[in-house]
Amino acid sequence: MLTGKKAVIFDMDGTLLDSMWMWKQIDVEYLGRFGIALPLRLQREIEGKSYTETAIYFKERFALKQSVEEIKQDWYEMTAEKYRTQVTYKPGAESFLKELRKRNIRTAIATSNSMDLVKAAAESLHLEQYIDFVCTGCSVPKGKPAPDVYLKAAQELNTEPSQCLVFEDVPMGIMAGKNAGMEVCAVEDEFSRDQERTIRSLADYYIQDYNQILRNTYEILKKDAGDSVQ
């Protein structure tokens with residue numbers, strides 16, 4: 001999977017971090033302030049949109065009086081504490097990041113989330129020691145499935161798209177990575193389990209968690225060491 005790759009780019013929520021569980025809860029609570037029930041397919045309809053695009057969608061769809069900036073600030077206040085105190089790495093993710101550092105493979109986060117919330121997560125999980133660059137959907141013209149956020153990340157890492165490996169958890173993100181000309185590994189997440197067939201068909205690779213990659217890596221290294229002794 002890492003053969004010929006000089007950079008690895010991660011989506012954040014549901015891919016690098018176990019955080020997708022909180023977004024539906026926040027949507028329920030936020031819309032509940034206005035007496036609005038959560039539409040059944042809302043999460044699928046906003047999938048891949050940047051933080052700003054999602055706020056615009058909410059304002060228009062639910063005819064909210066709040067400005068886009070006010071909506072974003074409300075969400076920030078609701079989610080920042082969860083990032084700081086309740087969100088963890090996906091299984092094996094931190095060990096995998098350490099392995100990439102050992103191999104001198106550059107890393108980036110390319111997320112639809114806001115930079116403020118990335119910083120909130122980074123403070124708790126010390127992402128800065130593993131990640132070289134962060135690019136958000138709000139900093140590029142179009143959100144996922146457009147390739148913009150992944151192409152910008154590759155540019156900042158000074159790496160050709162073909163030399164980048166993307167990790168994603170939802171179809172829109174996988175399509176963004178593929179549209180950028182990159183190979184994509186899908187990471188299993190409870191939130192997107194009902195889309196597994198689609199996800200597997202879109203991605204180049206599929207893993208249950210990062211420990212799966214680490215186990216395969218160690219087995220290959222052990223085999224190579226045995227062959228060299230023989």
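Look up a bit, the structure's there.
The residue numbers shown here count from 1 along each chain, following its written sequence. Local features in a predicted model are, by the rule used here, given only for residues with pLDDT of at least 70; side-chain atom pairs are given and counted only at 80 or more, and totals for whole chains, interfaces and linings are based on all residues. The side-chain numbers reported here are obtained from all heavy atoms of the structure, hydrogens and water having been left aside.

*Asks:* Which residues make up helix α7 (residues 148-156), and what values go with them?
*Replies:* Every α-helix carries 3.6 residues per turn, so stepping three or four residues along brings you back to the same face. Each residue is placed in one exposure class: buried if its accessible area under a 1.4 Å probe, protein chains only, is under 20% of its type's maximum, exposed if it is over 50%, and partly exposed if it falls in between. In DSSP terms, a helix is any run of H or I states spanning at least four residues, a strand is any run of E spanning at least two, and both are numbered starting from the N terminus. Buried within α7 are the following residues: Val149, Tyr150, Ala153 and Ala154. Angularly, the buried residues of α7 cover 135 degrees about the axis, an arc narrow enough to put them on a single face. By the convention used here, residues are in contact when the closest approach between their heavy atoms is within 4.5 Å. Buried positions along α7 lie against β1 (7-10), β4 (106-111), β5 (133-136), β6 (164-168) and α8 (171-179). Immediately downstream of α7, the backbone of asparagine 158 shows phi near 55 degrees, a positive value. An arc is given here, and it is the one of the directions from the helix axis to the C-beta atoms.

*Asks:* Describe helix α1 (residues 21-32), and please don't skip the residues or the numbers.
*Replies:* What a helix is expected to span follows from its residue count: subtract one and scale by 1.5 Å. Between its first and last C-alpha, α1 extends 18 Å over twelve residues, near the 16 Å set by a 1.5 Å rise per residue. Of the residues making up α1, those classed as buried are Met22, Trp23, Ile26, Asp27, Tyr30 and Leu31. End-on, the buried residues of α1 take up no more than an arc of 150 degrees, which puts them together on one face. Taken together, the buried residues of α1 touch α2 (42-46), α3 (51-61), α4 (68-85) and α6 (115-125).

*Asks:* Just give me the short version of the side chain of serine 114, but keep the residues and values in it.
*Replies:* Among the structural elements, serine 114 can be located in the loop between β4 and α6. When near neighbours in sequence (up to four residues on either side) are disregarded, serine 114 contacts Tyr51 and Thr136.

*Asks:* Summarise the packing of α3 against α4; cite the residues concerned and give the values.
*Replies:* Axes here refer to lines fitted to C-alpha atoms; in helices the fit is confined to the stretch in contact. Angles between the N-to-C directions go from 0 to 180 degrees. Relative orientation of the contacting elements α3 and α4 amounts to 110 degrees, with a least axis distance of 9 Å. Taken as axis vectors, α3 and α4 run roughly perpendicular relative to one another. The handedness of the crossing between α3 and α4 is right-handed. Seen from α3, the contacting residues are Tyr51, Thr52, Thr54, Ala55, Ile56, Phe58 and Lys59; seen from α4, they are Val68, Ile71, Lys72, Trp75 and Tyr76. For this classification, under 35 degrees means roughly parallel, over 145 means roughly antiparallel, 65 to 115 means roughly perpendicular, and everything else is oblique. Left-handed is the label given to a crossing in which the near helix is rotated counterclockwise from the far helix by less than a right angle, and right-handed is the label when the rotation is clockwise.

*Asks:* Help me get a handle on the packing of aromatic side chains, residues and values and all.
*Replies:* A pair of Phe, Tyr and Trp rings is counted when the ring centres sit within 6.5 Å of each other, with Trp represented by its six-membered ring. The angle between the planes then sorts it: under 30 degrees is stacked, over 60 is edge-to-face, the rest tilted. For the structure shown, the criterion picks out eleven aromatic pairs. Look at phenylalanine 167 and tyrosine 210: their rings are 5.4 Å apart centre to centre, the planes differ by 45 degrees, and that puts the pair in the tilted class. Here the residue phenylalanine 167 occupies a position in strand β6, and tyrosine 210 occupies one in helix α10 (residues 210-229), the gap between them amounting to 43 residues. Judged by its relative accessible area of 0%, phenylalanine 167 is buried. We classify tyrosine 210 as buried; its relative accessible area is 0%. An aromatic cluster is present here, built from Tyr30, Phe34, Tyr51, Phe58, Phe62 and Trp75 joined pairwise through their rings.

*Asks:* Residues and numbers for the environment of serine 50, please.
*Replies:* With respect to the helices and strands, the residue serine 50 is situated in the loop between α2 and α3. Excluding residues that lie within four positions of it along the chain, serine 50 makes contacts with Ser112, Gly137 and Cys138.

*Asks:* Describe in detail the pattern of salt bridges, supporting the description with residues and values.
*Replies:* Any carboxyl oxygen of Asp or Glu that lies within 4 Å of a side-chain nitrogen of Lys or Arg is treated as forming a salt bridge with it. A complete count under the given rule lists 18 salt bridges for this structure. The salt bridge involving glutamate 47 is made with arginine 44; its shortest N-O contact spans 3.6 Å. The same class applies to glutamate 47 and to arginine 44, which are both buried. With a closest N to O distance of 2.3 Å, glutamate 45 and arginine 61 form a salt bridge. In this pair, glutamate 45 is assigned in helix α2 and arginine 61 in helix α3, connecting sequence segments 16 residues apart. Assessed through its relative accessible area of 35%, glutamate 45 is described here as partly exposed. With a relative accessible area of 38%, arginine 61 lands in the partly exposed category. Connected via shared salt-bridge partners are Asp11, Lys144 and Glu168.

*Asks:* So what's going on with the pairing of β6? Residues and values would help.
*Replies:* Counted residue by residue, β6 has five buried out of five residues, so it is predominantly covered. Across the two faces of β6 the burial is the same, with Cys164, Val166 and Glu168 and Leu165 and Phe167 all buried. As judged from the four bridges shared by β1 and β6, these two strands associate in the parallel manner. The partner of alanine 7 across the bridge, within β6, is cysteine 164. Pairing between strands requires that DSSP locate at least two bridges from one strand to the other. The pairing of β6 with strand β7 (residues 183-187) spans four bridges and is parallel. Residue glutamate 168 lies in a different strand from β7, and its bridge partner there is alanine 186.

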